[in-house]
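The lines below spell out each chain.
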Amino acid sequence: MFDYIIVGAGFSGSVIAERIANVLNKKVLIIEKKNHLGGHCYDFKNKNGITIHKYGPHIFHTNFENVYTYLSKFTEWKPYQHKVLGVIDGQKIPIPFNLNSLQKIFSEEKAKVISKKLIANYGFGTNVPILDLLKSDDKDLKKLAEFIYEKVFKNYTMKQWGITPDQIDPAVTARVPVSISNDDRYFHDKFQFMPVKGYSQIFDKMLSHKNIEILLNTNFKDLIKLDENLKQVFFKGKIFTGQLIFTGSIDELFEYKFGYLPYRSLKIEFENLPEKEFQTAAVENYPNDFDFTRITEFKKFMNEQSDFTTIAREFPLSYNPKNDDLNPYYPIRNIDNDKLFEKYKSEVEQFPNIFLVGRLAEYKYFNMDNVINNSLNLFDKLVKNG
Ligand SMILES: Cc1cc2nc3c(=O)[nH]c(=O)nc-3n(C[C@H](O)[C@H](O)[C@H](O)COP(=O)(O)OP(=O)(O)OC[C@H]3O[C@@H](n4cnc5c(N)ncnc54)[C@H](O)[C@@H]3O)c2cc1C
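As the structure is a prediction and not an experimental result, all values here were calculated from the model.

**Observations concerning the sheet that holds strand β12 (residues 212-215)**
Overall, parallel pairing links the five strands, which are arranged β12-β2-β1-β16-β22 in an open sheet. Each edge of the open sheet is held by one strand with a lone partner, namely β12 and β22 (354-356). Recorded for the sheet is a direction-independent mean angle of 20° between the axes of neighbouring strands.

**Observations concerning the site of the ligand**
Near the ligand you find 34 residues, and of these Ser12, Glu32, His58, Ile59 and Phe366 are the closest. Contact distances for the ligand include 3.1 Å between a nitrogen atom and a backbone N or O atom of lysine 33. In the environment of the ligand, an oxygen atom lies 2.7 Å from a nitrogen or oxygen atom belonging to the side chain of histidine 58. Out of a free accessible area of 1,000 Å², the ligand has 97% covered by protein chains. Secondary-structure elements contributing two or more residues to the shell around the ligand are α1 (11-24) and α12 (368-385).

**Notes on the domain arrangement of the protein**
Frequently, the measure chosen for interface size is the accessible area removed from exposure when the parts meet. If you check the domain split of the protein, you get domain 1 (4-76 + 194-260 + 331-385) and domain 2 (84-179). Summarising the inter-unit geometry, the C-alpha centres of domain 1 and domain 2 are found 38 Å apart.

**Quick word on the nonpolar core**
One finds Phe11 and Ile245 to be the most contacted residues of the largest nonpolar core, which totals 82 residues. Counting contributing residues per domain, this core is built from domain 1 (4-76 + 194-260 + 331-385) and domain 2 (84-179), each supplying no fewer than three. Discounting chain neighbours no more than four positions away, the residues touching phenylalanine 11 are Cys41, Leu71, Tyr199, Ile202, Phe203, Met206, Met368, Val371, Ile372 and Ser375. Ranked by size, the runner-up nonpolar core spans 30 residues in total, among them Leu29, Phe235, Leu253 and Phe254.

**Regarding the sheet that holds strand β7 (residues 84-88)**
As summarised here, the arrangement of the seven strands in space is β8-β7-β18-β19-β20-β17-β21, forming an open sheet in which the pairing is mixed. With one partner strand each, in any of the chains shown, β8 (91-95) and β21 (330-331) form the two edges of the open sheet. Across three bridges, β7 lies against strand β18 (residues 283-285) in parallel orientation. Across the sheet, leucine 85 pairs through a bridge with glutamate 284, a residue of β18.

Thresholds applied
Residues numbered from 1 in each chain as written. Predicted model: local features only at pLDDT ≥ 70, side-chain atom pairs only at ≥ 80, totals over all residues. Heavy atoms only, no water. Pairing = 2+ DSSP bridges. Helix = DSSP H or I, 4+ residues; strand = E, 2+ residues; numbered from the N terminus. Axes fitted to C-alpha atoms, helices over the stretch in contact; angles between N-to-C directions. Near = heavy atom within 4 Å. Polar contact = N/O pair within 3.5 Å; in protein donor to acceptor, adjacent residues only side chain to side chain. Areas by Shrake-Rupley, 256 points an atom, 1.4 Å probe, with all protein chains shown as cover. Domains from an automatic or database assignment. Core = buried A, V, L, I, M, F, W, Y, C linked by side-chain atoms within 4.5 Å. Buried < 20%, exposed > 50% of the residue type's maximum accessible area, 1.4 Å probe, protein only. Contact = heavy atoms within 4.5 Å.

Right under this line is the structure:
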């Protein structure tokens, strides 16, 4: 029998499985409905030797030294500083908007004037929320804020979330930053890398342990049932007295009895092209044109050499749990949905041996480093509780 059952083989499930197997020397079963490990971080090499991220581009970046140290046991790293370009009015400009973007959009003279004003008012090296610029008495700065809102932020947000301009949360708009610097990097974390042999290889290493058994292509619903009266977990029809660590969708665990937790999904269209290079940056955003939000050119992450290239266009759309072709990508957080999540969470809390961890179980957008950190913390808690 197993001491722990873990639903989901993404980072949340895999990190905790690895810790339990290695440190506690206990037996773990992982149940995963996909035909591979790694959850959303799964990648593979295609026939041209290019590493493809099946569920969209994944860049490892963190300020958590413990997460970096932990993951380094399973991979070597290639330094990578992520830069994103936005295609605006036929120009490719650095995103988030900064002083270099300014120079691409405006004439040399105008860009100089606005840069000077930004630096004088807010200081070089700062990030100014767009709302502050909108409130400025200076006509140029106000116009700049309006330009960024209209051309960089508004349409991208509408596409990404499937909403109209009046549904855009003013609090989110207010926080859109303008960077008063010439630093084009998208992230500023202390550790920024790509795993040399890809993410999937990390999962293979983490989970190849005699204490870990993995069932792929298996939905937990076929093996696990909850008895809501007795507050007990049943595995293959028998009471399971070990611990269940659940990283799947919390609403699915309770058969959606209070309703569905809404997500945005993505249709990702891949294209192999007989050319060495398709675009300038690894990721280029299209806020104002086309139905897709961005194009990723995968070979650029690892500087992989090939006469071919592979790109992916991301088309956002609504998630429907009944459609097996769709994945729940981004939780749609608002007061009502958070309340619904809390309702499910309080159901889980009545089961003494169920623990939630991960982006689906906690209904939050987490980066990889957050979920790894959360899993390491959950492991510590389990150890403390004995
Ligand atoms: C488009 C996109 C780009 C991203 N880019 C980055 C990035 O650049 N950097 C970064 O740090 N983070 C990025 N992330 C976030 C990253 O993907 C997540 O942090 C990470 O995948 C979360 O891991 P997880 O284990 O919690 O969830 P997942 O990886 O989703 O794993 C959950 C697992 O549970 C399984 N499961 C679900 N239901 C069942 C069921 N019924 N039965 C059995 N198994 C089930 C799923 O199949 C899945 O394998 C990105 C996310 C998206 C959507």
